[in-house]
Amino acid sequence: MERKHAVVIGGSIAGLLSARVLADHFERVTLLDRDVFPAEPVFRAGVPQGRHLHVLWTRGLEILSGLLPGFVDDLLAEGAVDLRIPRDFLWLTAEGWRERFDTDRMITFSRGLLEWTVRRRVLELPNVTALTGIEATGLLGARNVTGVAFRARGGAVPPGGKGELRADLVVDASGRASKAPAWLAGLGHSGLRETRIDPLLGYASRTYAIPDGFDPGWKALYLQADPPLTRRTGGLFPQEGGRWICSLSGTGRDYPPTTEAGFLDYARNLRSPVLYEAIKDAEPLSPITSFRDTSNVRRRFDRMRTWPEGFVVTGDAVCAFDPIYGQGMSVAALTALELDRTLAERRSAHWFQKRARWCAAGAWLVATGEDRRYTETEGPPVRLHTKVINAYVSKAVAAANVDPASQAALLDVLALKALPTSLFLPGTLARVLTNTRPPKTSPGELSTSHISGVTKS
Ligand SMILES: Cc1cc2nc3c(=O)[nH]c(=O)nc-3n(C[C@H](O)[C@H](O)[C@H](O)COP(=O)(O)OP(=O)(O)OC[C@H]3O[C@@H](n4cnc5c(N)ncnc54)[C@H](O)[C@@H]3O)c2cc1C
């Protein structure tokens, strides 16, 4: 393959990180997006999930910091909030309250700020150009891919105008609604298998001003459901600009309402009243918006019998997760590293798809395994081993609530620093199975020591 020109379809997190690594291997990189990018760190229509709580787990943060040196300083300079997890959190797990060990770092921000910060850095690269207001409509080529067909939606190219871009490599990072399956079939590459596991989850979110002088001893709240008994989760995280983002969600079609009274009532009925107490008199800064396209979807491009050279698929277009576990952006970051490796080692496009599958494997196990706890979740039948693993994970969560080493092991899995199988390593297994300490307080109650106390790890 010549390495003159690469085109990336989609300028969200997966597309931007792909462009970042492609810039090291190609003379020119063109990033296409159907949106015109805003000049400020604000919401844009092509990323409708942008109005909802987004966390970036440690592995994702590490990769972004490696690809874009100074990235964390950029975020903090714009007002992102530097937290320790779980020390700065009140975290109600399915097994009770988590003690506030000081285990790891988490920077919190709006999704708009994160993407804008990454985009600014990537578009500063001298060989990366963005073509915005452009929608990719198909692939060029016969068996192999030689470029992209597009239509203009506004921006620099007049709306309705059509065109083609030739490229040595096309990367599809157009998200869950990617047309790659149909485009591949059009080139004669068929037989794609897709697995969908849908917990029928909906989000509703709104931002609030953090009240002046607010200092109850915590900075973020995370109140999880206790499946299958309860299905509602609530998160209240600080963002730049002295704001909170409050995201409520429910599985099994227990969707949070978008009316003023309904939203507050839903918050009041979480497993603890602490989130409701915080927001009930806080000043709302946004309308309440909802989002429901949240199923786990995995497309097995890695298993297709034939695959074109000159084309790869990445990000949510390969594997999209129930977002409540906060994994998609970190998996996109892991996959960008594999794209870099594929190009450095001069591997085939299909080899990359196999690596992309592995990048998503741990997160897929976590998200689909947890979602299988809900009886309403739609998908293939639940197997016995999933039930056994879930019973063990419940014990691991209970141990993590009271034991710093178990907490660190579990957080490493959530933060994509370790594979889920690491929870079965002998040291962790022994701690989990021998843990008999009950949680500090029973769910729904919050002792004073829990609000203000920090347990040293
Ligand atoms: C409610 C919600 C909450 C989430 N919370 C988290 C979280 O806490 N942590 C986390 O890590 N992840 C979270 N995610 C997932 C995260 O948003 C995605 O994994 C992440 O954005 C990476 O996706 P992507 O770049 O592959 O695609 P997307 O973010 O969906 O972006 C696709 C891009 O492609 C563009 N595009 C689409 N089609 C075309 C086309 N034909 N031509 C040109 N451009 C096109 C779009 O405009 C968009 O810019 C959440 C998702 C949802 C739905």
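Basis of the calculations
Residues numbered from 1 in each chain as written. Predicted model: local features only at pLDDT ≥ 70, side-chain atom pairs only at ≥ 80, totals over all residues. Heavy atoms only, no water. Salt bridge = Lys/Arg side-chain N within 4 Å of Asp/Glu carboxyl O. Helix = DSSP H or I, 4+ residues; strand = E, 2+ residues; numbered from the N terminus. Buried < 20%, exposed > 50% of the residue type's maximum accessible area, 1.4 Å probe, protein only. Polar contact = N/O pair within 3.5 Å; in protein donor to acceptor, adjacent residues only side chain to side chain. Contact = heavy atoms within 4.5 Å. Pairing = 2+ DSSP bridges. Axes fitted to C-alpha atoms, helices over the stretch in contact; angles between N-to-C directions. 1 Å grid on protein atoms, 1.4 Å probe; cavity = no way out; pocket = protein on both sides within 12 Å on 5 of 7 lines; lining within 4 Å. Points joined across faces, edges and corners; volume = space filled by probe spheres on them. Nonpolar A, V, L, I, M, F, W, Y, C, P; charged D, E, K, R; others polar. Near = heavy atom within 4 Å. Areas by Shrake-Rupley, 256 points an atom, 1.4 Å probe, with all protein chains shown as cover. Domains from an automatic or database assignment. Expected span 1.5 Å × (residues − 1). Buried area = accessible area lost by both parts, 1.4 Å probe.

- Per an unreviewed UniProt entry, the protein chain carries the name 2-polyprenyl-6-methoxyphenol hydroxylase-like FAD-dependent oxidoreductase and comes from Actinocorallia longicatena.

1. Quick word on the pattern of salt bridges
Then comes step 1: On inspection of all chains with the given rule, the structure shows 35 salt bridges.
Then comes step 2: Across the pair Glu-194 and Arg-196 runs a salt bridge whose closest N-O atoms are separated by 3.2 Å.
Then comes step 3: When the shortest N-O distance is used, the salt bridge between Glu-338 and Arg-355 registers 3.2 Å. On the criterion of sequence distance, the pair formed by Glu-338 in helix H8 (residues 328-344) and Arg-355 in helix H9 (residues 349-371) is long-range, its members being 17 residues apart.
Then comes step 4: Classification of Glu-338 by relative accessible area gives buried; the value is 12%.

2. What about the side chain of Ser-295?
Then comes step 1: Considering the arrangement of structural elements, one finds Ser-295 in the loop between strand S17 (289-291) and strand S18 (296-299).
Then comes step 2: At 3.2 Å, the side chain of Ser-295 forms a polar contact with the side chain of Arg-196.
Then comes step 3: Setting aside residues up to four positions removed in sequence, Ser-295 forms contacts with Arg-176, Arg-196, Ile-197, Asp-198, Pro-199, Ala-320, Phe-321 and Asp-322.

3. Section: the sheet that holds strand S2 (residues 28-33)
Then comes step 1: The parallel open sheet is built from five strands, whose spatial order is S7-S2-S1-S11-S19. Two strands lie at the open edges of the sheet, namely strand S7 (128-132) and strand S19 (311-313), each paired on one side alone. On average, adjacent strands in this sheet sit at an angle of 20° to one another, irrespective of strand direction.

4. Some remarks on empty space enclosed by the protein
Then comes step 1: Applying the stated criterion across every chain yields a total of two cavities of 30 Å³ or more.
Then comes step 2: Roughly 50 Å³ of volume is contained in the largest cavity.
Then comes step 3: As for the largest cavity, its lining consists of Thr-314, Gly-315, Val-318, Cys-319, Val-331, Thr-335, Ala-356 and Ala-360.
Then comes step 4: Contributing elements (two or more residues each) for the lining of the largest cavity: H8 and H9.
Then comes step 5: Of the residues belonging to the lining of the largest cavity, the class tally is five nonpolar, three polar and no charged.
Then comes step 6: Lining the second largest cavity, in full, are Arg-298, Arg-299, Arg-300, Asp-302, Val-318, Cys-319, Ala-356, Arg-357 and Ala-360.
Then comes step 7: Looking at the lining of the second largest cavity, the elements with two or more residues in it are S18 and H9.
Then comes step 8: The biggest single contributor to the lining of the second largest cavity is H9, with three residues.

5. Examining the site of the ligand
Then comes step 1: Close to the ligand lie 34 residues, the nearest being Ser-12, Asp-33, Val-55, Arg-111 and Asp-316.
Then comes step 2: At 2.9 Å, a side-chain N or O of His-54 approaches an oxygen atom of the ligand.
Then comes step 3: At 2.7 Å from an oxygen atom of the ligand is found a side-chain nitrogen or oxygen belonging to Arg-111.
Then comes step 4: Alone, the ligand offers 1000 Å² of accessible surface; in the complex the protein occludes 95% of this.
Then comes step 5: Sorting the residues of the shell around the ligand by element identifies helix H1 (13-22), S2, strand S8 (134-141) and H8 as the ones contributing at least two each.

6. Topic: the environment of Pro-38
Then comes step 1: When you line up the elements, Pro-38 lands in the loop between S2 and helix H2 (58-67).
Then comes step 2: For the pair Pro-38 and Ile-13, spaced 25 residues apart in sequence, the C-alpha separation works out to 15 Å.
Then comes step 3: The contact partners of Pro-38, leaving out residues within four places of it in the chain, are Phe-43, Arg-44, Trp-116 and Arg-119.

7. Focus on the layout of surface pockets
Then comes step 1: Approximately 470 Å³ is the volume attributed to the second largest pocket.
Then comes step 2: As for the second largest pocket, its lining consists of 25 residues, of which Val-42, Phe-43, Gly-50, Arg-51 and Ser-110 are closest to the centre.
Then comes step 3: Listed by contribution, the elements that provide at least two residues to the lining of the second largest pocket are helix H4 (111-123), strand S13 (202-209) and strand S16 (243-250).
Then comes step 4: The biggest single contributor to the lining of the second largest pocket is H4, with five residues.
Then comes step 5: There are two domains that each give the lining of the second largest pocket at least three residues, and those are domain 1 (5-47 + 113-196 + 296-367) and domain 2 (82-110 + 197-291).

8. Focus: the sheet that holds strand S12 (residues 194-197)
Then comes step 1: With antiparallel pairing, three strands are arranged side by side in an open sheet as S12-S18-S20. On the outer flanks of this sheet lie S12 and strand S20 (319-320), each paired with one strand and no other.
Then comes step 2: Looking at chain direction, S12 and S18 are connected through four bridges and run antiparallel. Within S18, the position partnered with Ile-197 by the bridge is Asn-296.

9. Things to note about helix H10 (residues 384-402)
Then comes step 1: Its 19 residues give H10 an end-to-end C-alpha distance of 28 Å, which sits within 8% of 27 Å, the value for a rise of 1.5 Å per residue.
Then comes step 2: Those residues of H10 lying buried are Thr-386, Asn-390, Tyr-392, Val-393, Ser-394, Ala-396, Val-397, Ala-399, Ala-400, Asn-401 and Val-402.

10. With respect to the domain arrangement of the protein chain
A common measure of how large an interface is: the accessible area buried when the components associate.
Then comes step 1: Looking at the protein chain, the domain boundaries give domain 1 (5-47 + 113-196 + 296-367) and domain 2 (82-110 + 197-291).
Then comes step 2: A C-alpha centroid distance of 31 Å is found between domain 1 and domain 2.
Then comes step 3: With nine residues of domain 1 in contact, the opposing surface of domain 2 contributes 11 residues.
Then comes step 4: Between domain 1 and domain 2 lies a buried interface of about 920 Å² when both sides are counted; carbon and sulfur atoms form 60% of it.
Then comes step 5: Where domain 1 packs against domain 2, one counts zero salt bridges.
Then comes step 6: One can count six residue pairs in polar contact (both at pLDDT 80 or more) joining domain 1 with domain 2.
Then comes step 7: Contributions of two or more residues to the side of domain 1 that touches domain 2 are made by H4 and S12.
Then comes step 8: Among the residues making up the side of domain 1 that touches domain 2, the classes are represented as five nonpolar, two polar and two charged.

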